[in-house]
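Working through the structure, step by step
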Amino acid sequence: MLKYFPPEIKTVHLKRSRGFWSKTFGIAWKILKAKADIYHCHYLLQDCWLALKFGKHPIIGHAHGTDVRSNIKHFAWGRIVRYNLGNCDKIVVSTPNLLETAREFNKSAEYVPNLVDENLFYPKTRKKVKGKIKVLIAGASDWAVKGTDKIIRALKKIEKDVEISIIKYGIDIDKTLKLAKALGLRINVLPPVPHINMPEYYWSADTIVASIGVGGTLGMVALEAIACGRPVITHVSSQFPEYEEFPFCDIFSTEKIAEAILSSRNEKVWKKEYEYYKRYHAPEKIMRKFMEIYNDLIQQWA
């Protein structure tokens, strides 16, 4: 996101690791010392809570999923998430399924689509699919959230038409591989790679299968794969008006997943998805929206 800021705007990126010191006292010290005209906190967890406690204003709390969808109910994290929602000067959510919950605590909540780093994720021409479709299961293996088990069962239905790869990560990867073995489904297992190397995996496939689980929104895996020039099979729910123009909605049953994968042979599938992506997720458009939000907040606090 920072690389898309206009050059005349000075930015400071406060980073932390998952190490105990870094995510506690380390980040607390960085936030305390920070001085800015506006503060933008990604994820509504301890970083945002500390910024509020240190009196940093105006502050944007940016929700990305698990913070509002599940952590808000957690016995420990829930209180922090609810406090952040209620006390930030502006709340932004990255997917429309978070908006209703966010507005229960803060009427300023607004949906602003995720953006993709197009310097890293960009289209490469896909060769015409003549034989089997090279399918990459790109999301983390998680049966409850991502529906990975349904993806495996759907691929079994069309196994003669596909060549399958999966990235070895996620809480249910072992269960997923055991299910595939039990079904007699051959899968090529790929090692996890740093995020900057993910485009190579996308470009090596014909079709990407992302989340088919809860949420019904376009996640980052789906957006990045579309940006890389590959059709994506994912569960996008028609209940959200923001997705009315997305070409493939409500793909969640094994039958629909299998049908969608077979239809992805056609180059028009990706073109329709990419048209939607550029219309709503183009980085330049999203950054213009954030500039409007920043300016409004700065004027309110002037």
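These notes cover the structure that comes with them.

Rules behind the numbers
- Residues numbered from 1 in each chain as written.
- Predicted model: local features only at pLDDT ≥ 70, side-chain atom pairs only at ≥ 80, totals over all residues.
- Heavy atoms only, no water.
- Helix = DSSP H or I, 4+ residues; strand = E, 2+ residues; numbered from the N terminus.
- Rg over C-alpha atoms; globule rule 2.2 N^0.38 Å.
- Contact = heavy atoms within 4.5 Å.
- Areas by Shrake-Rupley, 256 points an atom, 1.4 Å probe, with all protein chains shown as cover.
- Pairing = 2+ DSSP bridges.
- Phe/Tyr/Trp six-rings, centres within 6.5 Å; stacked < 30°, edge-to-face > 60°.
- Buried < 20%, exposed > 50% of the residue type's maximum accessible area, 1.4 Å probe, protein only.
- Lys NZ or Arg CZ within 6 Å of the ring centre and 35° of its normal.
- Expected span 1.5 Å × (residues − 1).
- Bend = angle between axes of the 7 residues up to and from the residue.
- Lys, Arg positive; Asp, Glu negative; His and termini not counted.
- Salt bridge = Lys/Arg side-chain N within 4 Å of Asp/Glu carboxyl O.
- Polar contact = N/O pair within 3.5 Å; in protein donor to acceptor, adjacent residues only side chain to side chain.

**Structural notes on the overall build of the protein**
Helix and strand counts for the protein stand at 13 helices and nine strands. In terms of C-alpha radius of gyration, the protein reaches 20 Å, essentially the compact-globule figure of 19 Å for 302 residues. The principal-axis extent of the C-alpha atoms belonging to the protein is close to 65 × 40 × 35 Å. Considering only residue pairs separated by 6 or more positions, the protein has 66% of its internal contacts joining residues 24 or more positions apart. Of the roughly 15,900 Å² of accessible surface on the protein, a fraction of 54% belongs to carbon and sulfur atoms.

**Examining the sheet that holds strand β7 (residues 187-190)**
If you trace the five strands from one edge of the open sheet to the other, you get β7-β6-β5-β8-β9, paired in parallel fashion. The strands lining the two open edges of the sheet, one partner per strand, are β7 and β9 (232-233). Relative to strand β8 (residues 207-209), strand β5 (residues 133-137) runs parallel, the two being bridged by three bridges. Paired with Leu136 across the strands is Ile208, a residue of β8.

**Describing the packing of aromatic side chains**
Counting across every chain of the model gives 11 aromatic pairs. Summarising the aromatic geometry, the rings of Trp21 and Phe25 are spaced 5.4 Å apart at their centres and angled 35° between planes, so their arrangement reads as tilted. With Trp21 and Phe25 both in helix α1 (residues 20-33), this residue pair falls four residues apart, about one helical turn. Residue Trp21 shares its accessibility class with Phe25, and that shared class is exposed. Ring-pair connections join several aromatic residues into one group, and the members of that group are Phe240, Tyr243, Phe246, Tyr276 and Tyr280. Looking at Lys124, its charged tip hangs above the ring of Trp203, at a distance of 4.1 Å from the centre. Note that Lys256 overlies the ring of Phe252, its terminal NZ or CZ placed 5.5 Å from the centroid.

**Observations regarding unusual backbone geometry**
Cis geometry is adopted by the peptide bond preceding Pro58, which originates at His57 and carries an omega value of -5°. The backbone phi angle of Tyr43 is positive, close to 75°, even though this residue is not glycine. Taking the relative accessible area as the measure of exposure, Tyr43 reaches 41% and is therefore partly exposed. Here Asp250, not a glycine, exhibits a phi torsion of approximately 60°, which is positive.

**Some words on α1**
Given a rise of 1.5 Å per residue, 14 residues ought to cover 20 Å, and the 20 Å separating the end C-alpha atoms of α1 matches this to within 8%. By the largest-angle criterion, Gly26 marks the main kink of α1, which is about 40°. Turning to α1, its buried residues are Ser22, Gly26, Ile27, Ala28 and Ile31. On its buried face, α1 is in contact with α2 (46-53).

**As for the side chain of Asp67**
With respect to the element layout, Asp67 can be found in helix α3 (residues 66-69). This buried residue, Asp67, is left without a salt bridge; Arg69 holds the nearest opposite charge, at 7.2 Å. At a separation of 3.0 Å, a polar atom in the side chain of Asp67 contacts the main-chain amide nitrogen of Leu44. Apart from residues lying up to four places away in sequence, Asp67 is in contact with Tyr43, Leu44, His62, Ile72 and Val81.

**Structural notes on the pattern of salt bridges**
Under the counting rule described, the total for this entry stands at 10 salt bridges. Where Asp172 meets Lys175, a salt bridge forms, and the shortest distance between an N and an O atom there is 3.9 Å. Assessed through its relative accessible area of 41%, Lys175 is described here as partly exposed. Here the salt bridges share partners, and the residues they tie into one network are Lys90, Glu110, Lys289 and Glu292.

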